[in-house]
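This is what each chain is made of:
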Amino acid sequence: PPSPADTPNPNYVLGPGDRVSITIWGFVEGSVQSVIDQDGNVFIPQVGPIRLAGTRAGDIQRVVETEVRRVYAQQVQVYATVLSTGSLGVFVTGHVRLPGRHLGAASESVLDYLARAGGVDPGRGSFRNIAVRRGGRDVARVDLYSFLLNGTLPQLSLQQGDTIVVAPQGALVGADGSVRNNFLFEVAGRAMPGSELLRLSAPLPAATNAVIRGTRGGQPFARYVSVRELSSVQLQD
């Protein structure tokens with residue numbers, strides 16, 4: 001049996017490379033220890049392929065039992081368990097709280113590995129400029145604002161030895177007053193369109209005007225605009 005350190009959390013989602021043990025006895029008998037293949041299946045003699053990718057570790061018994069009884073309605077007992085998970089070593093570095101090599105599953109996302117590294121350092125790290133490097137070149141760029149706002153992440157399967165690099169925090173633009181989100185927002189690039197700030201800060205319906213304040217060219221800068229005009233202004237650090 002697997003040691004407690006190897007036993008996955010019941011909420012762990014199985015994927016290719018994970019190793020399972022399935023035993024059947026009664027009307028038919030058989031035992032198999034197998035790795036989930038790239039199609040997400042385990043093949044059981046006299047039963048056929050059973051799809052396990054996407055199944056929670058805590059549900060493997062129920063899923064296998066259901067599939068076996070589709071084939072054999074007679075009295076058949078099933079015992080299914082997860083032996084080990086196919087883990088990857090991914091380096092997470094740059095401005096995170098716990099840089100280093102972190103172990104996880106091939107099915108997991110950049111977000112999962114960032115969480116293992118303690119997350120982006122909120123005072124120094126970029127939420128908008130995160131690179132995935134493989135073999136000396138960048139294979140993906142991640143903007144976590146897309147995830148925070150829309151729930152979207154790049155469709156990327158991490159591989160053994162990949163490196164996730166969190167860049168230094170970029171320029172910041174803040175919003176306060178009659179807004180739902182009173183925060184400092186990170187600029188993706190050199191400037192932020194006012195339309196993006198409006199989307200991020202979510203002004204209240206009563207908001208009609210805005211004051212843009214800051215420093216430009218070493219001099220204090222202030223400009224009074226309508227909310228409509230603000231959408232076409234380029235905002236700087």
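Above this text sits the structure in question.
Predicted model only: the values in this text are computed from it and were never measured. (Residues numbered from 1 in each chain as written. Predicted model: local features only at pLDDT ≥ 70, side-chain atom pairs only at ≥ 80, totals over all residues. Heavy atoms only, no water.)

Participant: Which residues make up the nonpolar core, and what are the values?
Facilitator: Counting 24 residues, the largest nonpolar core has Ile22, Ile24, Ile44, Leu52, Ile60, Val64 and Val68 as its most contacted members. When contributions to this core are tallied by element, the ones reaching two or more residues are β1 (19–26), β3 (41–44), α1 (60–71) and β5 (76–84). Among all residues touching isoleucine 24, those that are not within four sequence positions of it are Glu29, Gly30, Ile44, Val47, Val68, Val76, Gln77 and Val78. (Core = buried A, V, L, I, M, F, W, Y, C linked by side-chain atoms within 4.5 Å. Buried < 20%, exposed > 50% of the residue type's maximum accessible area, 1.4 Å probe, protein only. Helix = DSSP H or I, 4+ residues; strand = E, 2+ residues; numbered from the N terminus. Contact = heavy atoms within 4.5 Å.)

Participant: Provide a residue-level description of the side chain of threonine 55, including the pertinent values.
Facilitator: Within the fold, threonine 55 resides in the loop between β4 (48–51) and α1. When near neighbours in sequence (up to four residues on either side) are disregarded, threonine 55 contacts Tyr12, Val13, Leu14, Ile60 and Val63.

Participant: Any chance you could break down the pairing of strand β6 (residues 87–94) for me, citing the residues and the numbers?
Facilitator: The pairing of β6 with strand β7 (residues 100–105) spans six bridges and is classified as antiparallel. Across the sheet, phenylalanine 91 pairs through a bridge with arginine 101, a residue of β7. In this antiparallel pair of consecutive strands, β6 and β7, the connection spans five residues. With four bridges joining them, β6 and strand β10 (residues 163–168) adopt parallel strand pairing. Paired with phenylalanine 91 across the strands is threonine 163, a residue of β10. (Pairing = 2+ DSSP bridges.)

Participant: Pulling in residues and values, what's your account of the sheet that holds β1?
Facilitator: With antiparallel pairing, the three strands of this open sheet are ordered in space as β2-β1-β5. Looking at which strands have only one partner, the edges of the open sheet turn out to be β2 (30–35) and β5. When the angles between neighbouring strand axes are averaged without regard to direction, this sheet yields 15°. Docked against the sheet, α1 engages β1 and β5, running at close to 140° with respect to β5. (Axes fitted to C-alpha atoms, helices over the stretch in contact; angles between N-to-C directions.)

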